[in-house]
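So you can see what is in the structure, the chains are spelled out below.
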Amino acid sequence: MASTCEEDPGEMSSRASRSHVYASALPPVALRYLMIRSTVEVLTTGTLLCGLVLWLVPGSWSAPSIAVMAILIAAGLIVDVPIVSRLTMRHTSYAVDTDAVRVKRGFLLSKDTVLSTAQILNVAIIEGPLLRRFGLAKVRFTTLNHVEPLGPVERGVAEEIRREALSIYLEASTDGN
């Protein structure tokens with residue numbers, strides 16, 4: 001069963017959990033991936049919203065509406081790409097062993113997820129063209145009632161994480177033979 005804790009930043013326990021960082025962090029090349037992905041997401045969303053504005057807004061309001069959309073897109077590129085991507089990198093850590101998979105995300109609103117390896121049904125390695133280009137992959141842990149993504153991590157590390165997380169089943173199947 002997955003255990004997820006989200007804490008209020010004002011609580012004493014939040015400060016203690018914020019200081020606890022797991023052994024592994026995302027690799028440095030993941031920052032480039034996150035920045036490119038954020039840029040594509042902001043530009044795609046902005047373009048779609050501009051098209052929607054041109055379609056729905058009356059002619060006299062379309063020019064000011066497009067100017068506002070351009071300002072919002074620029075703000076998204078200035079804030080989301082360099083700042084949010086770096087914060088995501090800096091405040092994501094994980095640990096995988098034969099007992100549990102632990103993933104910690106966030107700074108102000110910290111989310112610490114612990115998945116017991118006995119409860120993990122599947123561990124999938126996800127890689128798209130952009131992830132492959134950087135030699136990265138994402139790992140997706142599936143339990144009966146929770147799906148927890150991790151990454152991006154290096155492709156070899158993703159294979160190792162998968163092997164470690166599923167080792168309890170490998171040991172059980174080899175002991176029974």
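Up top you'll find the structure we're talking about.
Residues numbered from 1 in each chain as written. Predicted model: local features only at pLDDT ≥ 70, side-chain atom pairs only at ≥ 80, totals over all residues. Heavy atoms only, no water.

Q: For this particular structure, what's the right way to read the sheet that holds strand β6 (residues 122-126)?
A: Sheet strands pair via backbone hydrogen bonds, and the direction of the pair is either parallel or antiparallel. Taken together, the 3 strands give an open sheet; going across it, the order is β6-β7-β8, and neighbouring strands pair in antiparallel fashion. Of all strands in the sheet, those with a lone pairing partner are β6 and β8 (147-154), marking the two edges. The sheet shows a mean angle of 20° between the axes of neighbouring strands, direction not considered. Sheet topology places strand β7 (residues 136-142) next to β8; 6 bridges connect them, and they run antiparallel. Residue pairing in the sheet places L136 in a bridge with E154 of β8. Lying over the sheet, helix α2 (residues 29-56) contacts β7 and β8, oriented at roughly 85° with respect to β7. Seen against the sheet, helix α5 (residues 155-165) touches β6, β7 and β8 and runs at an angle of roughly 140° to β8. (Pairing = 2+ DSSP bridges. Helix = DSSP H or I, 4+ residues; strand = E, 2+ residues; numbered from the N terminus. Axes fitted to C-alpha atoms, helices over the stretch in contact; angles between N-to-C directions. Contact = heavy atoms within 4.5 Å.)

Q: Can you walk me through the environment of L87 in this structure?
A: For L87, the position within the fold is in helix α3 (residues 59-90). Residues L87 and G106 lie 19 residues apart in sequence; the distance between their C-alpha atoms is 8.0 Å.

Q: Is there a simple way to explain α5 in this structure?
A: Along an α-helix, a turn takes 3.6 residues, which lines up residues three or four apart on a common side. Taken residue by residue, α5 has A158, I161 and A165 as its buried positions. Buried positions in α5, seen along its axis, are confined to an arc of 60° and lie on one side of it. (Buried < 20%, exposed > 50% of the residue type's maximum accessible area, 1.4 Å probe, protein only. Arc of directions from axis to C-beta.)

Q: Explain the pattern of salt bridges here, please?
A: Pairs can form between side chains of opposite charge once their charged atoms are near each other. If you walk through the whole model with that rule in mind, you get 5 salt bridges. One salt bridge in this structure joins E148 and R105, with 2.4 Å as the shortest N-O distance. Pair noted here: E148 is in strand β8 and R105 is in strand β4 (residues 100-105), with a separation of 43 residues, a long-range link. Here R105 falls in the partly exposed class, since its relative accessible area comes to 24%. (Salt bridge = Lys/Arg side-chain N within 4 Å of Asp/Glu carboxyl O.)

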